[in-house]
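# Structural overview
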Amino acid sequence: MNKKTAAITAVGGYVPDFVLTNKLLETMVETTDEWITTRTGIKERRILKEEGQGTSFLAIKAAEDALQKRGLDPSEIDLVLMATATPDMPVAATGTYVASQIGAVNAFSYDLQAACSSFLYGMSAAASYIESGRYKKILLIGADKMSSIIDYTDRTTCIIFGDGGGAVLFEANEEGLGLQDEHLRTDGVGRQFLKIEAGGSILPASEETVKNKQHFVFQDGKSVFKFAVSNMADVSTLIMERNGLTHEDVNWLVPHQANKRIINATANRMGLDESKVMMNIHRYGNTTSATLPLLLHDYEKQLKKGDNLIFAAFGGGFTWGSIYLKWAY
Ligand code: UT7
């Protein structure tokens, strides 16, 4: 009997309507379209403006899109795995609410948080459940309402992030397609460079923490940039070497969308032409857990069965890694 592999069989995506352009940001903080474009590659990002709606709103839209495309009855889903760094509320898990809302009445659900690597780690978890044979259909969602944790007076962070959601369905494959290999890493030394200081168990919310703006994302961009460039490139080339892949064998790099310069550096180290690099940072900015599934959503029509995809991500924590996956449809 063939070894069971875990393949992606459907993709969905959603971004909110409101477009926050670089031009608009110029009126909010001291910045320029030119600075943002040359330093990051971002031109605009989407913001969820609907009152009272959180990350689950984005997740539900993306999940429904994926299910509708696959023509799947949601009651067949075994697990809804929710990758997010911006849950609706600290407790209870956002995924449980999403699962109920989409009609996944027979599924269990939980949230997975590894900052910008959440979705990548989620792919590993989902694939392991499928390979073990314990579950058959897993819906992995990556969604973040980053605008809920961004200080729009801080020019070093507000120009980077956007809101969005993406979802993929994982199912067993008998042809050897799907997830082939992975290399996932963490290093806790990184948490000082990218964090939200307050609102957790070390520093619970208080008048003081609100006044000090400690509930917003803090990032030491330069330090994170250095780690991201070397680590994302290292794991991506390692995955290629370990699987005997040359740049000709790789059809697509699917990189976390944090900074165009980081993506280019990774692609260069892999010897990949720009035409093989998925990119939508100019339209959405950094949507954290949603970048990878939104890339798949935007490029789905160009993908062919058997294509070799290398996923790569780097995020706060630090967390990073690379996954090699063969496209299944
Ligand atoms: O997704 C999770 C992982 N995150 C990342 O991978 C992000 C990694 N970091 C980065 O992408 C980049 O470091 C940033 C885009 C955040 C910043 O770019 P940079 O080239 O590293 O700029 P910098 O922080 O070194 O700042 C250079 C200058 C500074 O001015 P001085 O000190 O040289 O006078 C900043 O104050 O640019 C200034 N600056 C800005 N100027 C105009 C910082 N932000 C802005 C801005 N507009 N928005």
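Note that the structure is a prediction, hence the values are computed from the model and not measured.

### What about the environment of Glu 30?
Within the secondary structure layout, Glu 30 lies in the loop between helix H1 (22–26) and helix H2 (33–40). Taking relative accessible area as the criterion, Glu 30 reaches 67% and is therefore assigned exposed. Sequence separation between Glu 30 and Ile 310 is 280 residues; the distance between their C-alpha atoms is 37 Å.

### Re the sheet that holds strand S8 (residues 178–186)
The mixed open sheet is built from 4 strands, whose spatial order is S8-S13-S12-S11. The open sheet is flanked by S8 and strand S11 (252–255), the only strands paired with a single partner. Direction aside, neighbouring strands of the sheet carry axes that sit 15° apart on average. Sheet analysis places S8 next to strand S13 (residues 319–326), joined by 8 bridges and oriented antiparallel. Bridge pairing links Asp 181 to Tyr 324 in S13.

### Quick look at the domain arrangement of the protein chain
Looking at the assigned domains, one finds that the protein chain contains domain 1 (5–176) and domain 2 (180–326). Averaged C-alpha coordinates put domain 1 and domain 2 at centres separated by 14 Å. Opposite the 52 residues of domain 1 that make contact, domain 2 presents 46 residues. Where domain 1 abuts domain 2, roughly 3,600 Å² becomes buried across the two surfaces, and 61% of that area is made up of carbon and sulfur atoms. Its largest share of buried area at the contact with domain 2, domain 1 owes to Cys 116, Leu 120 and Tyr 121, together 18% of the area lost on that side. Counting across the interface, domain 1 meets domain 2 through 3 salt bridges. As a salt-bridge pair, Asp 151 and Lys 213 come within 3.5 Å of each other at their nearest N and O atoms. Where domain 1 meets domain 2, there are 21 residue pairs in polar contact (both at pLDDT 80 or more). Only strand S1 (5–14), H2, strand S3 (44–47), helix H3 (55–70), helix H5 (118–132), strand S6 (137–145) and strand S7 (163–173) provide two or more residues apiece to the side of domain 1 that touches domain 2. Here the side of domain 1 that touches domain 2 gets 7 residues from one element, more than from any other, and that element is S7. The residue inventory of the side of domain 1 that touches domain 2, partitioned by class, reads 23 nonpolar, 17 polar and 12 charged.

Conventions we followed
- Residues numbered from 1 in each chain as written.
- Predicted model: local features only at pLDDT ≥ 70, side-chain atom pairs only at ≥ 80, totals over all residues.
- Heavy atoms only, no water.
- Helix = DSSP H or I, 4+ residues; strand = E, 2+ residues; numbered from the N terminus.
- Buried < 20%, exposed > 50% of the residue type's maximum accessible area, 1.4 Å probe, protein only.
- Pairing = 2+ DSSP bridges.
- Axes fitted to C-alpha atoms, helices over the stretch in contact; angles between N-to-C directions.
- Domains from an automatic or database assignment.
- Contact = heavy atoms within 4.5 Å.
- Buried area = accessible area lost by both parts, 1.4 Å probe.
- Salt bridge = Lys/Arg side-chain N within 4 Å of Asp/Glu carboxyl O.
- Polar contact = N/O pair within 3.5 Å; in protein donor to acceptor, adjacent residues only side chain to side chain.
- Nonpolar A, V, L, I, M, F, W, Y, C, P; charged D, E, K, R; others polar.

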